[in-house]
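Overview (structure and organization)
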Amino acid sequence: MTTLVPRERSFRDPSGFVFRAGQRVLRAVEPSVFATLKRFLESQPAQRFMAAGQLVNTWFPDPGDFASELPFHYRLAEHEPVPFVSYPSEWPAEMLAAAGRLTLELAGQCLTHGWRLKDATPYNVLFRGASPVFVDLLSFEQRDPRDPLWPAYAQFVRTFLLPLLAGSELTPIWLAHRDGIEPEQLYPSLSWTRRLTPPALTLVSLPIWFSRRAVSDARLYLPRPTGPDRASFTLSSMFRTLRRQLDRLSSPSRASRWSKYLDTQTHYTPRQFAAKESFVSSILREFPPRRVLDAGANTGHFSELAARAGSSVIAIDSDPAAVGRLWHRASSRKLDIQPLVVDLCRPTPALGWRNFETTSFLDRARHGFDMVMMLALIHHMLISERVPLEEILDLASELTTNLLLIEFVEPSDSMFRRLTRGRDALYAHLTASYFESACANRFQILRKQHIAESSRTLYLLRRNR
């Protein structure tokens, strides 16, 4: 008999809840909607979505092992696990837009088959590598062919379009607003020029200006049935309009200081960078990792090396523009890389009711990788964030089950000195011998390579058992 942990259950959908049992992902379904779920999974659009990887694979297991954990008469469905769960607060604008496009595509394709999406939130979507996959099967319901309204329209605007309209820094929005943002929250921050220019005019200004009528006239929310053809045409037109607005709002992120880092860096000569690349490639060949966390990935040069060597990569960086560029690269090249906006010094916290609804990044990542890469990262953590070296190594030891590929930068390095801004004396003790001594309590040194004519050394470490 499998015992479930209460915090591993979802609870907001009255039709059912998701829970984990070991590595299995299961959904308890309220009996009155189970028949609908079964019909949908047998339908042509669902079969096509699953074959294309757009919808999570789902089947019906024997519920016997979980009978004592389920409410009376609840039925059971099982989903294929998605390797790494991430949340909208960790996505750059490009990934939020990709999740929105998938949502609209599924909603549009369901029209001619008598189905519709009853809700449209980014939390219905996860990512396999760089590809979005829809995971909330209970969002699909049968549609009245005469109904020209989409009940999820306002939710789609709040959770996809308005966050993108607000700007490329999405993390603060999602950490503060689980259900997206309202036009009233965005309106004061817009100039009059933007208020009068689409898409802000239609998404923010007009709803604000006509809000009094909407509040006072309850008839606006009553069904208005029409002919099936006209209803389908109205909904198709709406989805096309939403797609155009989404595309307009999801133009590539503006360049940032760090998104052009590899193109503009001066602390590595081409020969030195080639030596670093050669060392990393040789390690990936000699110790091929199955799952890699690339911390401080920037635009993903070394993430791509790992993915091309056969690894499944989670690539994190605190710069949304750099992560957005990495997502475009991984998506266009079909690489098994999931890029996320995560700052290891301020990782995503647990959120929601009793902090159970979305787990923290560290809880999801801890001991989840057989190799962690920290290349050109720890000196930023040491200086800019003032995190002690021993704490950084403790964190790395928690994240990896086996290997740590790390770059040590001595205080004489030009980038190190630029970051210290005259406080060099505070870090004079951080020599290579000090670094190796600190590693000894946690790791064994397997490989080591000093980059010629530099103050940088690459280490491959194995975690002490």
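So, here's what we can say about the structure.

**Focus on the sheet that holds strand E2 (residues 24–29)**
The strand order E1-E2-E4-E3 describes an open sheet built from 4 strands, whose pairing is antiparallel. Here the strands that pair on one side only, and so sit at the sheet edges, are strand E1 (16–21) and strand E3 (58–59). Pairing of E2 with strand E4 (residues 75–79) involves 5 bridges; the strand directions are antiparallel. Within the sheet, the bridge partner assigned to Leu-26 lies in E4 and is Glu-78. The strands that helix H1 (residues 31–42) touches are E2, E3 and E4; relative to E2, the one it contacts most, it runs at about 125°.

**Observations concerning the nonpolar core**
Formed by 134 residues in total, the largest nonpolar core has its most connected members in Trp-150, Leu-344 and Met-374. Looking at this core, the element that brings in the most residues is helix H3 (residues 93–110), giving 11 residues. Every residue in contact with Leu-344, bar those within four places of it in the chain, is listed here: Ala-295, Ile-316, Phe-361, Leu-362, Met-374, Met-381, Leu-395 and Leu-399. If you look at the next biggest cluster of nonpolar residues, it comprises 8 residues, including Phe-19, Phe-66, Leu-70 and Leu-76.

**Overview of the packing of helix H4 (residues 153–166) against helix H10 (residues 228–249)**
Relative to each other, H4 and H10 sit at 20°, their axes nearing to 9 Å. Relative to H10, the element H4 is oriented roughly parallel. In this structure, H4 crosses over H10, and the sense of that crossing is left-handed. On H10, the residues touching Tyr-153, Phe-156, Val-157, Leu-161, Leu-164 and Leu-165 of H4 are Met-238, Leu-242, Gln-245, Leu-246 and Leu-249.

**Considerations on H4**
Here H4 is 14 residues long and its end C-alpha atoms lie 18 Å apart, about the 20 Å a rise of 1.5 Å per residue gives. Along H4, the sharpest kink reaches roughly 25°, centred on Thr-159 and followed within four residues by the proline Pro-163. All of the buried residues along H4 are Phe-156, Val-157, Thr-159, Phe-160, Leu-161, Leu-162, Pro-163, Leu-164 and Leu-165. Of the residues flanking the end of H4, it is Gly-167, one or two places downstream, whose phi is positive at about 140°.

**Side note on the packing of H1 against helix H2 (residues 44–51)**
The N-to-C vectors of H1 and H2 enclose an angle of 65°; their axes lie 4 Å apart at closest approach. Touching Phe-40, Leu-41 and Glu-42 of H1 are Gln-44, Ala-46, Gln-47, Phe-49 and Met-50, all from H2. Partitioned by chemical class, the residues of the contact of H1 with H2 number 5 nonpolar, 2 polar and 1 charged.

**So, the pairing of strand E15 (residues 456–463)**
For a regular strand, the rule is simple: side chains alternate between the two faces of the sheet. Counting buried positions along E15 yields 6 of 8 residues, so the element is predominantly enclosed. Alignment of strand E13 (residues 400–409) against E15, held across 7 bridges, turns out to be antiparallel. Within E15, the residue paired with Leu-405 across the bridge is Leu-460. In the sheet, strand E14 (residues 443–450) pairs with E15 via 7 bridges, with the strands oriented antiparallel. When the sheet's bridge partners are listed, Arg-447 is paired in E15 with Leu-460. The loop that links E14 with its antiparallel partner E15 comprises 5 residues; one of these, Glu-453, has a positive phi angle of about 60°.

Procedures and definitions
Residues numbered from 1 in each chain as written. Predicted model: local features only at pLDDT ≥ 70, side-chain atom pairs only at ≥ 80, totals over all residues. Heavy atoms only, no water. Pairing = 2+ DSSP bridges. Helix = DSSP H or I, 4+ residues; strand = E, 2+ residues; numbered from the N terminus. Contact = heavy atoms within 4.5 Å. Axes fitted to C-alpha atoms, helices over the stretch in contact; angles between N-to-C directions. Core = buried A, V, L, I, M, F, W, Y, C linked by side-chain atoms within 4.5 Å. Buried < 20%, exposed > 50% of the residue type's maximum accessible area, 1.4 Å probe, protein only. Parallel < 35°, antiparallel > 145°, perpendicular 65-115°, else oblique. Left-handed = near helix turned anticlockwise from the far one by under 90°. Expected span 1.5 Å × (residues − 1). Bend = angle between axes of the 7 residues up to and from the residue. Nonpolar A, V, L, I, M, F, W, Y, C, P; charged D, E, K, R; others polar.

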